[in-house]
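Now for the letters of each chain:
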Amino acid sequence: MLGGISAVSLNQKPLYYVYGGNKSCIIDSSRMSEVSPEWIEKIEVLKDAKTTALYGARGANGVIMIEIKKKYIKKFNFSK
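Below is a short write-up of the structure. No experiment lies behind these values; they were computed from the predicted model shown. (Residues numbered from 1 in each chain as written. Predicted model: local features only at pLDDT ≥ 70, side-chain atom pairs only at ≥ 80, totals over all residues. Heavy atoms only, no water.)

This part is about the side chain of Thr 51. Mapping Thr 51 onto the fold places it in helix H1 (residues 49-55). If near-sequence neighbours (up to four positions away) are discounted, Thr 51 is found in contact with Leu 46, Gly 56, Gly 59, Gly 62 and Val 63. (Helix = DSSP H or I, 4+ residues; strand = E, 2+ residues; numbered from the N terminus. Contact = heavy atoms within 4.5 Å.)

What follows covers the sheet that holds strand S2 (residues 23-27). Read across the open sheet, the four strands follow the order S2-S1-S4-S3; overall the sheet is mixed. This sheet does not close on itself; its edge strands, each paired only once, are S2 and strand S3 (40-46). Each neighbouring strand pair of the sheet contributes to a mean axis angle of 20 degrees, computed without reference to strand direction. Looking at chain direction, strand S1 (residues 15-20) and strand S4 (residues 63-68) are connected through five bridges and run parallel. By the bridge assignment, Tyr 19 is partnered in S4 with Glu 67. (Pairing = 2+ DSSP bridges. Axes fitted to C-alpha atoms, helices over the stretch in contact; angles between N-to-C directions.)

Right, let's get into the pattern of salt bridges. Here the structure, examined in full by the defined rule, presents three salt bridges. Two residues, Lys 42 and Glu 44, come together in a salt bridge whose shortest N-O distance is 3.7 Å. A salt bridge links Lys 42 to Glu 67; the shortest N-O distance between them is 3.8 Å. Placement of Lys 42 in strand S3 and of Glu 67 in strand S4 is noted, with a sequence separation of 25 residues between them. Judged by relative accessible area, Glu 67 falls into the partly exposed class, the value being 23%. Through salt bridges that share partners, Lys 42, Glu 44 and Glu 67 make up one connected network. (Salt bridge = Lys/Arg side-chain N within 4 Å of Asp/Glu carboxyl O. Buried < 20%, exposed > 50% of the residue type's maximum accessible area, 1.4 Å probe, protein only.)

So, in structure tokens, the structure goes:
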């Protein structure tokens, strides 16, 4: 056997990046229920080599960037 051992991740979920103003966090898909649709200002979907370069292996399945409206920033817990 030549080479080394590598692990293959079966998790094919994208990375969710939530931001608003100067606050931001990365959340799991299970926490998406905390973001009300009326709070969302803008959604961007990133999926290319640049995304992997910026977010590493965690961004390999794409990154969904969600901007929260300014008036709802205090209602979302960015610290979790």
